[in-house]
Amino acid sequence: MSLKTDLDDAVSKIFRDPWSVTKGTAVPESTDLTLANTGRTLEAAVLYADLAASTALVDASNPQFAAEVYKTFLLVSARIIRSNGGTITAYDGDRIMAVYLGPTPCSNAVKTAFMINWARINVIQPRMSAQYLDNHYVLRHTCGIDYSTLMAAKTGVRGANDLVWVGRAANYAAKLSSESSSTPTWITQRVYDRLTDWAKFGGNPREVMWKPMQWAAMNYTQVYCSDWHWSFS
């Protein structure tokens, strides 16, 4: 069988076959789904944490230093995600994706983003600067968060496959993570409306931690951004 014939048959089968989709209450493993048209739906918050200006970092630095920046940012983000009940679903170069379920998924995702911001300032940057006295690189990042119904499906080929997440939250969170790192946490109106008070108000006296913005890249949709952080020990 030729490669063209093989691809024609495989693509036709995907478009032709019916779907078997079930509702879930936990993030599925890759082994829970098949390469056939099977899916799992969830109501969830999605967080993307993205290292800012990584292309400039790679262009201006030696590979070892750039790799250390990637590794420390992704390690810190991953551990903070897990500490707040998130499930890591993908690494994509210089960014990480996580899914949050449970009674307060949006607030837990926001706490994660605030903790990543604090760790960037108080953990990664000081240790980087202490190790490289003559290097003035400043690490910056952005977290994007949205909430929606998602469907997980298995994609790829046998021996090389992974889950793909289809739904508004995955796309919007990824797009928001490309917004300005001067306010490192960006959320949609759907997320803002679901925040508990401890994820919406801070300080003494208490104040709203969020600034409303019109998202120009998405037809001036209402979103919110914040430069707050959440300290931890």
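In what follows, the structure referred to is the one given above.
The text that follows walks through the structure, step by step, so that each part is easy to find.

What counts, and where the lines are drawn
Residues numbered from 1 in each chain as written. Predicted model: local features only at pLDDT ≥ 70, side-chain atom pairs only at ≥ 80, totals over all residues. Heavy atoms only, no water. Helix = DSSP H or I, 4+ residues; strand = E, 2+ residues; numbered from the N terminus. Buried < 20%, exposed > 50% of the residue type's maximum accessible area, 1.4 Å probe, protein only. Contact = heavy atoms within 4.5 Å. Lys, Arg positive; Asp, Glu negative; His and termini not counted. Charge placed at Lys NZ, Arg CZ, Asp CG, Glu CD. Pairing = 2+ DSSP bridges. Expected span 1.5 Å × (residues − 1). Polar contact = N/O pair within 3.5 Å; in protein donor to acceptor, adjacent residues only side chain to side chain. Salt bridge = Lys/Arg side-chain N within 4 Å of Asp/Glu carboxyl O. Phe/Tyr/Trp six-rings, centres within 6.5 Å; stacked < 30°, edge-to-face > 60°. Lys NZ or Arg CZ within 6 Å of the ring centre and 35° of its normal. Axes fitted to C-alpha atoms, helices over the stretch in contact; angles between N-to-C directions. Left-handed = near helix turned anticlockwise from the far one by under 90°. Nonpolar A, V, L, I, M, F, W, Y, C, P; charged D, E, K, R; others polar.

What follows is about the overall build of the protein. Helices and strands together make up the secondary structure of the protein, namely seven helices and eleven strands. In terms of principal-axis extent, the alpha carbons of the protein reach across some 60 × 45 × 35 Å. For the protein, the proportion of its 233 residues judged to be buried stands at 44%. If you take every contact in the protein between residues at least 6 apart in sequence, the share linking residues at least 24 apart comes to 62%. Side chains of the protein give 22 positive and 20 negative charges; the mean places of these two sets differ by 5 Å.

The element strand β4 (residues 95-100) is extensively covered by neighbouring structure, given that six of its six residues are classed as buried. Both faces of β4 are covered, namely the face carrying Arg95, Met97 and Val99 and the face carrying Ile96, Ala98 and Tyr100. The hairpin turn running from strand β3 (residues 87-92) into β4, its antiparallel successor, is two residues long, and Gly93 in that turn takes a positive phi close to 65 degrees.

Before going further, it helps to examine helix α3 (residues 63-83). Taking 1.5 Å as the rise per residue, α3 with 21 residues should run 30 Å; its terminal C-alpha atoms sit 30 Å apart, in good agreement. The set of residues buried in α3 consists of Phe65, Ala66, Val69, Phe73, Leu74, Val76, Ser77, Ala78, Ile80 and Ile81. Elements that come into contact with the buried residues of α3 comprise β2 (38-51), α2 (54-60), β3, β4, α4 (105-131) and β5 (141-157). One side-chain oxygen of the residue at the start of α3 lies 3.0 Å from the amide nitrogen of Gln64, identifying that residue as Asn62. Gly85 sits one or two residues past α3 and shows a positive phi near 85 degrees.

A few words now on the pattern of salt bridges. Within the structure shown, the criterion is met by five salt bridges. Taking the shortest distance from any N to any O, the salt bridge between Lys4 and Asp8 comes out at 2.7 Å. Within this pair, Lys4 and its partner Asp8 are both found in helix α1 (residues 3-16), separated by four residues, close to a single helical turn. When the shortest N-O distance is used, the salt bridge between Lys13 and Asp17 registers 2.7 Å.

Our focus in this paragraph is the packing of aromatic side chains. As enumerated under the stated definition, the model contains seven aromatic pairs in all. Arranged with centres 5.9 Å apart and planes meeting at 90 degrees, the rings of Phe65 and Tyr137 form a pair that is edge-to-face. With Phe65 in helix α3 and Tyr137 in the loop between α4 and β5, this residue pair connects regions lying 72 residues apart in the sequence. No difference in accessibility class separates Phe65 from Tyr137, as the two residues are buried. Taken together through their ring pairs, the aromatic side chains of Phe65, Tyr132 and Tyr137 make up a single cluster. Stacked on the ring of Tyr192, the Lys or Arg Lys200 has its end atom at 4.5 Å from the ring centre.

Two quantities define a packed helix pair, namely the angle between the axes and the distance from one axis to the other. At a closest axis distance of 10 Å, the pairing of α3 and α4 adopts a crossing angle of 145 degrees. Considering the relative orientation of α3 and α4, their crossing is right-handed. The segment α3 lies against α4, with Phe65, Val69, Thr72, Phe73, Val76, Ser77, Ile80, Ile81 and Ser83 engaging Thr112, Met115, Ile116, Ala119, Ile124 and Met128. For the contact of α3 with α4, the residue count by class is eleven nonpolar, four polar and no charged.

Two elements, strand β10 (residues 211-215) and strand β11 (residues 221-226), share five bridges in a ladder whose sense is antiparallel. When the bridges of β11 are listed, Gln214 appears paired with Gln222.

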